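Chain by chain, the residues:
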Number of protein chains: 2
Amino acid sequence: MKQKITLKHIARELEVSISTVSKALKNSDEISEDTKEKIQAFAKLYNYKPNNIAVSLKNKRTKNIGVVIPDIVHHFFTTVFRGIEKYANEQGYNVIICVSDETFDKEVINMEMLNNGSIDGFIMSLSAETQQKNDITHLKQVLDQGTPLVLFDRVTDDLDCDKVILNDEEIAFEATKKLLKEGRKRIALATTESYFNVSEKRAEGYKRALNEYGIEVDNDLVLVIPYDDIQESMIDAFFDTTDVDAVLSVNEIFAIQCMGVAKKRGMKIPKDISFIGFTDGLLSRYSNPTLTVVAQHGIQMGEMAAKLLIDRVEREDEGEEEESFKTEIVKASIINRESTLN
Amino acid sequence: MKQKITLKHIARELEVSISTVSKALKNSDEISEDTKEKIQAFAKLYNYKPNNIAVSLKNKRTKNIGVVIPDIVHHFFTTVFRGIEKYANEQGYNVIICVSDETFDKEVINMEMLNNGSIDGFIMSLSAETQQKNDITHLKQVLDQGTPLVLFDRVTDDLDCDKVILNDEEIAFEATKKLLKEGRKRIALATTESYFNVSEKRAEGYKRALNEYGIEVDNDLVLVIPYDDIQESMIDAFFDTTDVDAVLSVNEIFAIQCMGVAKKRGMKIPKDISFIGFTDGLLSRYSNPTLTVVAQHGIQMGEMAAKLLIDRVEREDEGEEEESFKTEIVKASIINRESTLN
DNA sequence: GTTAGTATCGAAAACGGTTTCGTGTTAATA
DNA sequence: TATTAACACGAAACCGTTTTCGATACTAAC
C-alpha cells in the first residue's frame, strides 16, 4: 500500500521548503519558472492531490452539503436528490445524505452528526414525525450556529430560512378544475393524515375549485388513507358507501390503488371515472390505464435548493452582507394520460 | 451568527491549557475531578462538540464512506443504498453519494474528488460505460493508494477486492425452472445489451434450466431491449413474429411492458402466458396482474457491502494484517404473485 | 531532610495544507 | 559606490484536535 504523497514529501525530495511547493503548485509568480516546472512535473509524476481534509480545516469550508430527507426509496425525493446532486457536483460540491426514516430522532441525530464541521450547509425536507410534533428546535440551533439551511417541499412557516416549494394549492386547484370541466360532479380526494402541510395545501386547492364551481365540499368524499396499513379494504369500503366519478390523489400509490379497486368493480376508466395523482413516477407511466399526474419537477426543485444553498454559502465566504431569505416556488404541471378525458 | 466554540475558547475562558480541556472532556484521569467537572459543565453549557474535520485530520479517518452508483432513480440501487446507509449510520459513519449517470467519465471524476481524504473507503457498482469499455484503471489506482473498495452487483473479475453479488445464475435457473414446471415450452428472455455481467449471468441460468429440461435454446426467444428507446413497438414486433408462453425479464420494467403488450393482444395472464421479472419494486406490486418477481434483497446487499468495507477500514486502523478479499453472495428469492400459475 | 513517587497540568509536536511576512541575493539606479 | 527595488525563496503562524513528554508541587517513606 503506497502512502499518499504530501507537500512535505515533495519538499524533502526536491530540497525546497513546503511553502515553495505549495506556491509552485498554485502557479504563484513568487516562484521562478524553473522551480515551478520542476515541482509541477514531480507532483504530476507522483500524482499529487491536495488533502481535502487539510484544506477544509484551513479555510473552514468543506465543499460538502448535507441532505436530510425522510425516505430515499421514494420517487419524488429521489428526483429532488438527483437535482441537488447534479447542481452541487457542477459547483464542485459533494453531497452527504442522511435518511430520517420519517422519525424525529433520526433527523436530530443526523443533523448533529453533520453539523460539526462536516458540511457547509443543509438541504432538507421535514420528517413526518417532526411535522406532527412541530418541534424544530434542532433546526433553529443549526441556523443559530450560522449553518445555512434550505428547506424543500415539507417546510414550516415557523422557520426563517430559504425554502423551495411547489405551488401545491394552485396546481391542486387546476387539477380539480380539470376534472370539473370533464363534467365530474362527485370528485373524491384521496389524502394522507393532515399534518403534512403539502397535503393540506392540496386539499385547499381542491376545495377552492369546488367552491368556484358552486359545489359544496362533501366530507364524505375525502378519503384519509393511513400509511402502512390495509389500504385496499379501506378503499373498497369507501367505494361501497360513496358515489364517486373522479379521484384526485395526493400521491401516486393511492391513485393506482383506487384505480385498481374501481376496475375490479367494473367501472370504465376514464368513461365512468377519472383519476389524477400527484407524482410522475414509474407507476403512473406503466399502469393500465396510464395515470394522468401532477409532475412535481423534482430535479428542478433539487437544483433550485442547491443553488440557494451554495449561493448563500459562497456569499458568506466573500464576507458580503447576508441577503434576506427567499422562498422559491416551483410550478408543477399536469401530464395528461389515459386516466382522464382529454 | 454565533461562532462555533472550540477547545481554545474553553481554555481561555477557564484559564487552563487546551490540552487540559481536551483531556477533561475525555474524562482522562490525568485531570482532577474538580477541573473535570468545571470543564465538562462549561462545555455542556455552551454545547461544545469537537470539530469533525480537525479530528479527521488528526487521526486520518473521516468516518465517511463514499458510494458511487450508476443511478439513484432506480429501485434496486435505492434499496441497496438504504442498506448501506443503515449499517453505516449504526457504526457512526456518514455516507457521501455520487452518481455516475452510467458514464465512465463521471465515475472517474467523482472517485478522484472523493479519494483525497474525504472518505475512508468506497462502495460502488460499475457504470454501464465502464463495463462496456472494461477500463478499470481508476479503480486499480484507488486500491493502490490503499483505499478499501467494495464492489456490489455490477462487479468485474479483473479486480481483486471485496464484492457482494446476487446468485444471479442460480436464481435465473430457478425462475426458469418454475416456468418450465408450469408447463411452459416457449419461454422468452427479455434482457439488456450483454455487457452487463448480471444480464449475462441471468441468461446463463435461463439456458441451463432449458438444457436440463432438454429444450434447445432458441435465439429467437431472446429479446434484447435497448435502454431509452421506443421499446413498446419493439416488443410488439417481437410478439408478432414469435410464439411465446412465458417471459423471464432481467428487470421489472421490461416485464411490465411485455405484460402490457400481451394484454393488448388479448392474451390471458397467467392462463396463456406467465411473467417473471427481476427487482421487487413498486411496479410489480401495483401492476395488474401483480408481477411474480425475483427479489434481490437490496437492503441486505447494502448492509453486507457496508459491513465488509467498515470491517476492513477498522482492521486497517488496528494495524492488523489484511485479510484476504471476500465475495459475499446474497441469495435472491422468488415472490409469487398473479403473473404466474402457483 | 533527602528521596521517591504521585497527582495535576502545560508545552509542543503532529495531521497537511495556506498565507503572511521576512530575508538574502541580484540587478538596476542615483 | 551606495541605495533600492525586484526576485526567489523560507520560516512560521494558523485551522482544531490529540497525545506525548515533561514540569511542578505535594505526599509519603527512609
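Quantities reported herein were computed from a predicted structural model and do not represent experimental measurements.

J.: Whenever I open this one, the overall build of chain A confuses me. Can you help?
T.: If you tally the helices and strands in chain A, you get 14 helices and twelve strands. In summary, chain A has a C-alpha radius of gyration of 26 Å against a globular reference of 20 Å for 342 residues, an excess of more than 25%. Every one of the 342 residues in chain A was classed for burial, and the buried ones make up 54%. For chain A, the proportion of contacts with a sequence separation of at least 24, taken over those separated by at least 6, is 71%. For chain A, the accessible area works out to roughly 15,400 Å², and carbon and sulfur atoms hold 48% of it. Both charge centroids of chain A, one from 43 positive and one from 58 negative side chains, sit 5 Å from each other.

J.: Looking at this model, I keep getting lost on the relation of the copies chain B and chain A. Mind explaining?
T.: Superposition of the two copies of the chain requires a rotation about an axis together with a shift along that axis. Mapping chain B onto chain A is achieved by rotating through 180° and translating by 0.0 Å along the same axis, at an RMSD of 0.1 Å. A rotation of that kind, with that shift, is consistent with a two-fold axis. Of every C-alpha in chain B, the one belonging to Ile96(B) sits nearest the axis of rotation, 2.1 Å from it.

J.: So what exactly am I meant to see when it comes to the packing of aromatic side chains here?
T.: When we look at a pair of aromatic rings, we describe it by the centre distance and by the angle of the planes. As enumerated under the stated definition, the model contains eight aromatic pairs over all chains in all. Taken together, a centroid distance of 4.6 Å and an interplanar angle of 35° make the contact between Phe42(B) and Tyr46(B) tilted. Among the residues examined, Phe42(B) registers a relative accessible area of 15% and is labelled buried. With a centroid separation of 6.2 Å and 65° between ring planes, the pair formed by Phe77(B) and Phe152(B) is classed as edge-to-face. With Phe77(B) in helix α5 (residues 75-90) and Phe152(B) in strand β4 (residues 149-152), this residue pair connects regions lying 75 residues apart in the sequence. Assigned by exposure class, Phe77(B) and Phe152(B) land together as buried. Through a chain of ring-to-ring contacts, three or more aromatic side chains come together here, namely Phe76(A), Phe77(A) and Phe152(A).

J.: Explain the protein's contact with DNA strand D to me, please; I cannot follow it from the model alone.
T.: Lining the immediate surroundings of DNA strand D are 28 residues, of which Thr20(A), Lys23(A), Glu30(A), Ser32(A) and Thr35(A) lie closest. Among the atoms of DNA strand D lying within 4 Å of the protein, the sugar-phosphate backbone contributes 60%. Here Glu30(A) contributes a side-chain N or O atom positioned 2.3 Å from a base nitrogen of DNA strand D. Between DNA strand D and Ser22(B) there is a distance of 2.9 Å, counted from a phosphate oxygen to a side-chain nitrogen or oxygen. Looking at the surface near DNA strand D, the elements with two or more residues in it are α2 (18-25) and α4 (52-59) of chain A together with α1 (7-14), α2 (18-25) and α4 (52-59) of chain B. The greatest single-element share of the surface near DNA strand D, amounting to four residues, is contributed by α2(B). The residue inventory of the surface near DNA strand D, partitioned by class, reads nine nonpolar, nine polar and ten charged.

J.: Just checking my understanding: could you explain the sheet that holds strand β1 (residues 64-69) of chain B for this structure?
T.: Working definition: the strands of a sheet are paired by backbone hydrogen bonds and lie parallel or antiparallel to each other. On the basis of which strands lie adjacent, the open sheet formed by twelve strands has the order β11(A)-β5(A)-β4(A)-β3(A)-β1(A)-β2(A)-β2(B)-β1(B)-β3(B)-β4(B)-β5(B)-β11(B) and mixed pairing. In the strand order of this sheet, the two ends are held by β11 (327-330) of chain A together with β11 (327-330) of chain B, each with one partner. The sheet shows a mean angle of 20° between the axes of neighbouring strands, direction not considered. Note: strand β2 (residues 94-99) of chain A against strand β2 (residues 94-99) of chain B, two bridges, orientation antiparallel. The residue of β2(B) that forms the bridge with Ile97(A) is Val95(B). The sheet contacts of helix α14 (residues 298-317) of chain A involve β1 (64-69), β3 (121-124), β4 (149-152), β5 (162-166) and β11 of chain A, and relative to β5(A) the element is tilted by about 170°.

J.: Would you explain a negative patch on the surface in this entry?
T.: Where like charges cluster on the molecular surface, the negative patch consists of Glu314(A), Glu318(A), Glu320(A) and Glu321(A). When its relative accessible area of 64% is taken as the criterion, Glu321(A) is described as exposed.

J.: I would appreciate a short explanation of the interface of chain B and chain A in the present structure.
T.: It is common to give the size of an interface as the accessible area lost on bringing the parts into contact. If you look at the interface, chain B gives 55 residues, while chain A gives 55 residues. Taken together, the two surfaces of chain B and chain A that pack against each other cover about 4,800 Å², and 57% of this comes from carbon and sulfur. Of all residues in chain B, Ile53(B), Asn116(B) and Tyr286(B) bury the most surface against chain A, accounting for 13% of the area lost on that side. The interface formed by chain B and chain A includes two salt bridges. The salt bridge partner of Arg82(A) is Asp101(B), with a shortest N-O separation of 2.7 Å. There are 20 residue pairs in polar contact (both at pLDDT 80 or more) connecting chain B and chain A. Taken together, the elements giving at least two residues each to the side of chain B that touches chain A come down to α4, α5, β2, α6 (104-114), α8 (137-144), α12 (252-264) and α13 (282-286) of chain B. Here the side of chain B that touches chain A gets seven residues from one element, more than from any other, and that element is α5(B). Residue classes in the side of chain B that touches chain A are distributed as 21 nonpolar, 23 polar and eleven charged.

Conventions adopted
- Residues numbered from 1 in each chain as written.
- Chains lettered and ligands numbered in written order.
- Predicted model: local features only at pLDDT ≥ 70, side-chain atom pairs only at ≥ 80, totals over all residues.
- Heavy atoms only, no water.
- Helix = DSSP H or I, 4+ residues; strand = E, 2+ residues; numbered from the N terminus.
- Rg over C-alpha atoms; globule rule 2.2 N^0.38 Å.
- Buried < 20%, exposed > 50% of the residue type's maximum accessible area, 1.4 Å probe, protein only.
- Contact = heavy atoms within 4.5 Å.
- Areas by Shrake-Rupley, 256 points an atom, 1.4 Å probe, with all protein chains shown as cover.
- Lys, Arg positive; Asp, Glu negative; His and termini not counted.
- Charge placed at Lys NZ, Arg CZ, Asp CG, Glu CD.
- Least-squares fit on C-alpha atoms with pLDDT ≥ 70 in both.
- Phe/Tyr/Trp six-rings, centres within 6.5 Å; stacked < 30°, edge-to-face > 60°.
- Near = heavy atom within 4 Å.
- Polar contact = N/O pair within 3.5 Å; in protein donor to acceptor, adjacent residues only side chain to side chain.
- Nonpolar A, V, L, I, M, F, W, Y, C, P; charged D, E, K, R; others polar.
- Pairing = 2+ DSSP bridges.
- Axes fitted to C-alpha atoms, helices over the stretch in contact; angles between N-to-C directions.
- Patch = residues over 30% accessible without salt bridge, like charges linked within 9 Å, V, L, I, M, F, W, Y side chains within 5 Å.
- Salt bridge = Lys/Arg side-chain N within 4 Å of Asp/Glu carboxyl O.
- Buried area = accessible area lost by both parts, 1.4 Å probe.

Note that every value here comes from positions in space, so none of it alone points to a role or purpose.
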